Amino acid sequence: MARAKKAAKKAAPAKKAAKKAAPAKKAAKKAAPAKKAAKKGAKKAAKRAAPKRAARKRASTRGGPPAALRWKLQTGDCAFGIHAGADSVWVSNDAGDVHVCDRDGVVQRSLKLPDGAKCIIADEHWIYAGTEKGVVYDLTGNIARAVYQVAGSADILWMDIYQGNLCVADDAGGVSVYDPGEVLLWDKRDPQDGNLWMIRADAQGVYAGGDRRVCAFDWGGEERWSVDAYHVLFGAQTASAVYASNRDSVTGITKSGEKLVTCEGPTFPSCATTPDGSRIFGGCYDNTVRCFDAEGKQLWALATTCGSPLSMQYRDETLYIVTDEGFLAAIDVSSAAVERALASAWTAPAVTRAPKLAAATRDESTHVESTREVGDGVLVECFKDQGKLRVRVLSDGYKSDWFVQFPRDIREAGAKYVVDKVLVATQGGFYRALGNIRRLEE
């Protein structure tokens, strides 16, 4: 008994220390979910930033003489979004800046989004930007209007729109398709596909590329085919084929799922082609652009002089690129210009800078100017239909029973609006608002 008493006396300090440590242990247990969430958030942020980090890591390697740059514009932050139209070029960056240039690189107007925008796409007359928070904005008016809100916690990496149907690729191996009314039509998800940076759409369906493959779905969501392609980082398409830039090549695949061409080289974060696929361009992490013929033979390699091309688009003998260093640049890829560049006989252009933009909030996209006249515009009305806010046309010459695709954040039951234009959707059955929107004050 004396021995037991002695042992208990000896254990007392340890017991006292354990009792003292209990609150800290309890606090640590309480903090565990937050710590886990923070770790998950950090992991997700690192995953999202991987292409930017990879580009900067490889930026020290430069190959070939300088490309034949027509002009280059510094936007101020890493740029992914690009669209080259008939008479304008659009760029968006990780700061949420959107700039519209003419074909000579002169900024015509600028818009500020509340979040970084990794992609800009066109659908007939409309231009859209997809942001990191899952909000898609229509950029065709003077104010960016939110037109889609993508559900879920995954980050949008790329998107495409075909006849009003929004196709989204995310960082959780997901492909989601929404109709013009924001209704989810279907969602296909495979964690093994990982980061889906490629998504393209046409009349046949949707094409997506991720960590292990490029696959095609019909518009009903059924998988049509799948081709192995590892670590896809960007995708382009022609009328008959899709092209995926990946770890060690740009791979061309017919729209029926057969491998067409492989252009080998270093890691390609971006690619583009001429409309007929006779020339294939690959942007590399060594700050070069490479050109291949239709059989995959490299024709030339030239240095960008402004960073690694993270996205690119070809139009009218010009290759437009956006880079990890925040540049939008126009490269002359005509035979004569390339010949001069390879001979180091091309003069480097002056660098212009895009205007700095003040920070934006989501409230700005809901601001609506007022008017007392319809003038040359189209009058529409917002009304409640079975608990949902819908929009219909009141002006003469339009079908009153067709709905109008219209920004949701500014809808108010009973309100009337004047829209620059209202056009019939290509597939029919509904209208789409185009341009500026003003509220009618009666």
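No experiment lies behind these values; they were computed from the predicted model shown.

> Describe in detail the nonpolar core, supporting the description with residues and values.
A general trend in soluble globular proteins is that nonpolar side chains are found buried together. Within the largest apolar cluster, 40 residues are counted, with the highest numbers of intra-cluster contacts made by Tyr128, Leu166 and Val175. Sequence-distant contacts of valine 175, defined by excluding residues within four places in its chain, comprise Val168, Trp186, Asp187, Lys188, Leu196, Ile199, Val206, Ala208 and Phe217. In this structure, Phe281, Leu302, Ala329 and Ala337 belong to the second largest nonpolar core, which totals 21 residues.

> Requested: an account of the pairing of strand β21 (residues 259-264), with residues and values cited.
By the bridge criterion, 5 bridges tie strand β20 (residues 249-254) to β21 in an arrangement that is antiparallel. Bridging across to β21, valine 250 finds its partner in cysteine 263. Between β20 and β21, which pair antiparallel in sequence order, lie 4 residues; one of them, glycine 257, sits at a positive phi of approximately 95°.

> I'd like a rundown of empty space enclosed by the protein, residues and numbers included.
Taken as a whole, this structure holds 3 cavities of 30 Å³ or more when the rule is applied. Roughly 110 Å³ of internal volume is contained in the largest cavity. Lining the largest cavity we find 14 residues, and of these Asp138, Val147, Gln405, Pro407 and Ala433 sit closest to its centre. At the level of elements, β7 (126-131), β9 (145-149) and β35 (431-440) are the ones that each hand at least two residues to the lining of the largest cavity. Of the residues assigned to the lining of the largest cavity, the class counts are 8 nonpolar, 3 polar and 3 charged. For the lining of the second largest cavity, the class distribution of residues is 9 nonpolar, 1 polar and no charged.

> Run through the sheet that holds strand β24 (residues 288-293), naming residues and quoting values.
The strands that make up a sheet pair up through hydrogen bonds in the backbone, lying either parallel or antiparallel. Pairing within the open sheet is antiparallel, and its 4 strands lie in the order β22-β23-β24-β25. In this open sheet, the two edge strands, each paired with only one partner strand, are β22 (270-273) and β25 (298-303). Here the average twist between neighbouring strands, direction ignored, is 20°.

So, how was this worked out
Residues numbered from 1 in each chain as written. Predicted model: local features only at pLDDT ≥ 70, side-chain atom pairs only at ≥ 80, totals over all residues. Heavy atoms only, no water. Core = buried A, V, L, I, M, F, W, Y, C linked by side-chain atoms within 4.5 Å. Buried < 20%, exposed > 50% of the residue type's maximum accessible area, 1.4 Å probe, protein only. Contact = heavy atoms within 4.5 Å. Pairing = 2+ DSSP bridges. Helix = DSSP H or I, 4+ residues; strand = E, 2+ residues; numbered from the N terminus. 1 Å grid on protein atoms, 1.4 Å probe; cavity = no way out; pocket = protein on both sides within 12 Å on 5 of 7 lines; lining within 4 Å. Points joined across faces, edges and corners; volume = space filled by probe spheres on them. Nonpolar A, V, L, I, M, F, W, Y, C, P; charged D, E, K, R; others polar. Axes fitted to C-alpha atoms, helices over the stretch in contact; angles between N-to-C directions.

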